[in-house]
Amino acid sequence: GGYVKYLRRKGVQVGDGCIFRNRDTIRVDITRPSLVTIGNNVDFNRNFQLLTHDYATGVFLRKYNDFVNSSGAVVIGNNIVFGTDVVVLKGVEIGDNCIIGAGSIVSKSIPANSVAIGRPAKVVCSVDDFYERRKRESINEAFEYANSIIQRFHREPYYEEFYEEFPLF
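What this report covers is the structure whose coordinates are included nearby. (Residues numbered from 1 in each chain as written. Predicted model: local features only at pLDDT ≥ 70, side-chain atom pairs only at ≥ 80, totals over all residues. Heavy atoms only, no water.)

### Brief notes about the overall build of the protein chain
Regarding its fold elements, the protein chain presents 3 helices and 14 strands. In terms of overall dimensions, the protein chain is more spread out than a globule: its C-alpha atoms have a radius of gyration of 20 Å, far above the 15 Å expected for 169 residues. In terms of overall dimensions, the protein chain has a C-alpha envelope of 70 × 30 × 30 Å along the principal axes. Per-residue burial for the protein chain yields a buried fraction of 34% across its 169 residues. Taking the contacts inside the protein chain whose residues are at least 6 apart along the sequence as the reference set, 28% of them involve residues at least 24 apart. Just so you have it, the protein chain exposes about 10,600 Å², and 51% of that area is on carbon and sulfur atoms. Taking the average place of the 21 positive charges on the side chains of the protein chain and the average place of its 20 negative ones, the gap between the two points comes to 10 Å. (Helix = DSSP H or I, 4+ residues; strand = E, 2+ residues; numbered from the N terminus. Rg over C-alpha atoms; globule rule 2.2 N^0.38 Å. Buried < 20%, exposed > 50% of the residue type's maximum accessible area, 1.4 Å probe, protein only. Contact = heavy atoms within 4.5 Å. Areas by Shrake-Rupley, 256 points an atom, 1.4 Å probe, with all protein chains shown as cover. Lys, Arg positive; Asp, Glu negative; His and termini not counted. Charge placed at Lys NZ, Arg CZ, Asp CG, Glu CD.)

What follows is the structure, given as structure tokens:
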């Protein structure tokens, strides 16, 4: 898309298949574009922020009359999904095949094949474990959705309403 082209023109390394949802709410710090590396097939959700620097030196300037720079690379691997409202701070590497949960602040590196959530983000399980759990829970969730349609609308669900549940049919 246009945003990927823009980032590349600015000097950010961005792989193929990246999605920036709700582009007007996403901020990728391009003050130091050579410090940003984004792999292939990364899904950036609403209110995502990636920072390669901070401005703590503002306090240092006023307290000590001294400017002390603060920056660090951010490397995002391949096949990553970010939930909404995620912030990735300077000096962080996120390995391949990771899920970063909504509202997380990633202040330390996350190893490949991990699910991480929180403020600060911490690994809670492997992608393999999460996949197996989701496979089990998705069936009950589909039944819950079907029952909610019956109760709310007093009718049988339509096949088209199950666009995310299609693998179950």
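Picking up where we left off.
### Remarks on the pairing of strand β14 (residues 121–126)
As judged from the 5 bridges shared by strand β13 (residues 114–118) and β14, these two strands associate in the antiparallel manner. Across the sheet, Ala116 pairs through a bridge with Val123, a residue of β14. Count of turn residues in the β13/β14 antiparallel hairpin: 2 residues. (Pairing = 2+ DSSP bridges.)

### Side note on the sheet that holds β14
Reading across from one edge, β2-β5-β8-β11-β13-β14 is the order of the 6 strands in this open sheet, with mixed pairing throughout. For this open sheet the edge positions go to β2 (19–20) and β14, each flanked by a neighbour on one side alone. Two elements, strand β8 (residues 80–82) and strand β11 (residues 98–100), share 3 bridges in a ladder whose sense is parallel. Counted as the bridge partner of Ile80 is Cys98 from β11. Contacting β11, β13 and β14, helix α3 (residues 127–153) crosses the sheet at an angle of about 65 degrees to β14. (Axes fitted to C-alpha atoms, helices over the stretch in contact; angles between N-to-C directions.)

### Remarks on a nonpolar patch on the surface
Together, Val59, Phe60, Tyr64 and Val68 make up a nonpolar patch on the protein surface, roughly 360 Å² of accessible area in all. On the secondary structure map, Phe60 appears in helix α2 (residues 57–64). What makes Phe60 partly exposed here is its relative accessible area of 30%. (Patch = residues over 30% accessible without salt bridge, like charges linked within 9 Å, V, L, I, M, F, W, Y side chains within 5 Å. Salt bridge = Lys/Arg side-chain N within 4 Å of Asp/Glu carboxyl O.)

### Let's talk about the sheet that holds strand β1 (residues 13–14)
Taken together, 4 strands build an open sheet; the order of strands is β1-β4-β7-β10 and the sheet is parallel. Bordering the open sheet on either side are β1 and β10 (93–94), each of which pairs with just one other strand.

### Structural notes on the pattern of salt bridges
This model, assessed by the stated rule, comprises 6 salt bridges. Between Asp16 and Arg8 there is a salt bridge; the shortest N-O distance is 3.5 Å. Exposure remark for Asp16: the relative accessible area of 54% places this residue in the exposed category. Between Arg134 and Glu141 there is a salt bridge, with the nearest N and O atoms lying 2.6 Å from each other. Sharing partners across several salt bridges, the network here consists of Arg133, Arg134, Glu137 and Glu141.

### What to know about the packing of aromatic side chains
Evaluation of the coordinates by the stated rule reveals 8 aromatic pairs. Centre to centre, the rings of Phe44 and Phe48 are 4.8 Å apart; their planes meet at 70 degrees, and the pair counts as edge-to-face. Of the two residues examined, Phe44 and Phe48, each falls in the buried class. Ring geometry for Phe60 against Tyr64: centres 6.3 Å apart, planes inclined by 45 degrees, an arrangement best described as tilted. Remark: Tyr64 and Phe60 occur in helix α2; sequence separation between them is 4 residues, near one turn of the helix. Counting every residue linked through ring pairs, the aromatic cluster contains Tyr3, Tyr6, Phe20, Phe44, Phe48 and Phe82. The side chain of Arg23 reaches across the aromatic face of Tyr3, ending 3.6 Å from its centre. Between the NZ or CZ atom of Arg155 and the centre of the ring of Tyr158, over which it lies, the distance is 4.0 Å. (Phe/Tyr/Trp six-rings, centres within 6.5 Å; stacked < 30°, edge-to-face > 60°. Lys NZ or Arg CZ within 6 Å of the ring centre and 35° of its normal.)

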